Amino acid sequence: MKRTILLPILSAAITASAQLFTVSDVDPLALPADCPFTDVAAVSHAGDYALLTSDVSNGLARYDFKSGELSVISDAVGAGLSPVISADDSSVAYRVVSYDDTHRRFTAARVVNLNTGEDTELIAPSRTLCGIGVSGDVATAVEGRDVMPVKRYVPRQGQRRIRDARGDGQVPVLSIDRGQLLITIGESTRVFSPCGTRGTSYIWASISPNGKRVMFYLIGSGIYTCDLNGDDVTFVADLHAPVWYDDSTIIAMNDIDGEYTQVSSELVAVDLGSGERQVLCGNSEFIAMYPQASASAGIVAFTTRDGTPYLMQLSKRVR
């Protein structure tokens, strides 16, 4: 059933508002009854499918927007924790969480080829895994600031052998270790933390589609961007869970916490050049959270607090 969402009046907390996008539809995904995959974990670059996971990030499934087909990738614990899709949308790197007899937590990294179904271990269960990435045909696992990153070629159709690919010079991989932001380039992983390391903690880090800017959230402060050297640090907004829409625009959520959970949440677009913002959808009655976006398809996928995944279709206004 199609549900029409009325766009909310801009709140006083959202200033310098502008019409950055025209929103055409906001509809729930057509999922099977009692489907365990309710949260949007990622959207393909082309915008033809989403990765869905459970409300506690267990399991991972691919949802095809056109056909409505849902195919399970993994039922592993932790598989929905920030999975990474390759640039050509053919492969996905994901985590597998396990515990030993003394309840110590371990995390492995795997990469699956969506075309062939071949699923390969990138790194065995580790106590120090803090980041995964896919760049070109190379998957990377980062085990903290003091360990050389592990890189392996992503298996393609007709290519079953996984070869070592250290020092490939691909797009950097960002990861978080003990609250600090790390950057991995080639064989080198170093502390990046553009706002310093003393009394700081970073989350929600990502690299822009053109590979030239880094976005991150500094706990207690807000969203920032900087260049790959950690210079030109620019405050964006005090919003949460930001993702890139394109190189000049981000989508984030403006949520308000109650005693136990969010009591309101809006999805907000921010123009990085002008600082102008637009509320796309969401309010206290329709709590829209954790966006994922594809500029190629003109979509934003997200989940509501009641566990319903939605697809928003929108077009960017020419200015």
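Residues numbered from 1 in each chain as written. Predicted model: local features only at pLDDT ≥ 70, side-chain atom pairs only at ≥ 80, totals over all residues. Heavy atoms only, no water.

Asker: Help me understand the overall build of the protein in this model?
Answerer: Along the protein, the regular secondary structure elements total zero helices and 26 strands. A burial count over the protein gives 52% of its 319 residues as buried. By sequence separation, contacts in the protein at least 24 residues apart represent 41% of the contacts at least 6 residues apart. On the protein, roughly 14,900 Å² of surface is accessible, and the fraction owed to carbon and sulfur atoms is 47%. (Helix = DSSP H or I, 4+ residues; strand = E, 2+ residues; numbered from the N terminus. Buried < 20%, exposed > 50% of the residue type's maximum accessible area, 1.4 Å probe, protein only. Contact = heavy atoms within 4.5 Å. Areas by Shrake-Rupley, 256 points an atom, 1.4 Å probe, with all protein chains shown as cover.)

Asker: What's the story with the environment of Leu 228 in this structure? I'm lost.
Answerer: By the element assignment, Leu 228 lies in the loop between strand E18 (222-227) and strand E19 (234-237). As for Leu 228 and Lys 212, which are separated by 16 residues in sequence, their C-alpha atoms are 6.3 Å apart. Here Leu 228 is in contact with Pro 172, Ile 183, Arg 190, Phe 192, Gly 211, Lys 212 and Val 214, once residues within four sequence places are set aside.

Asker: Looking at this model, I keep getting lost on the environment of Gly 59. Mind explaining?
Answerer: Along the polypeptide, Gly 59 turns up in the loop between strand E3 (49-53) and strand E4 (60-64). Its relative accessible area of 3% is what places Gly 59 among the buried residues. Along the chain, Gly 59 and Ala 76 lie 17 residues apart, while their C-alpha atoms are 5.1 Å from each other. Not counting the four nearest positions on each side in its chain, Gly 59 is found in contact with Phe 37, Leu 52, Thr 53, Ser 54, Ser 74, Asp 75, Ala 76, Ala 79 and Gly 80.

Asker: What should I look at first to understand the packing of aromatic side chains in this one?
Answerer: Any two aromatic rings considered together are summarised by their centre-to-centre distance and by the angle between their planes. Taken as a whole and judged by the stated rule, the model has nine aromatic pairs. Plain terms: the ring middles of Phe 216 and Tyr 224 are 5.8 Å apart, the flat faces sit at 10° to each other, and that makes the pair stacked. With respect to class, Phe 216 is no different from Tyr 224; both count as buried. Their ring planes at 70° and their centres at 5.3 Å tell us that Tyr 224 and Phe 235 sit as a pair that is edge-to-face. One end of the pair, Tyr 224, is in strand E18; the other, Phe 235, is in strand E19, with eleven residues separating them in the sequence. The partly exposed category is assigned to Phe 235, whose relative accessible area is 44%. Counting every residue linked through ring pairs, the aromatic cluster contains Tyr 202, Phe 216, Tyr 224 and Phe 235. Over the ring of Tyr 49 we find Arg 62; its NZ or CZ atom is 4.3 Å from the centre of that ring. (Phe/Tyr/Trp six-rings, centres within 6.5 Å; stacked < 30°, edge-to-face > 60°. Lys NZ or Arg CZ within 6 Å of the ring centre and 35° of its normal.)

Asker: I'm lost on the pattern of salt bridges in this one. Help?
Answerer: Once the charged atoms of two side chains with opposite charge are near each other, the side chains can pair. This structure, assessed with the given rule, holds five salt bridges. Asp 100 is the partner of Arg 104 in a salt bridge, and the nearest nitrogen-oxygen pair spans 2.8 Å. Classification of Asp 100 by relative accessible area gives partly exposed; the value is 24%. Among the ionic pairs, Lys 316 bridges to Asp 246, the shortest N-O distance being 2.7 Å. With a gap of 70 residues between them, Lys 316 in strand E26 (residues 309-316) and Asp 246 in strand E20 (residues 240-246) connect regions that are remote in the sequence. (Salt bridge = Lys/Arg side-chain N within 4 Å of Asp/Glu carboxyl O.)

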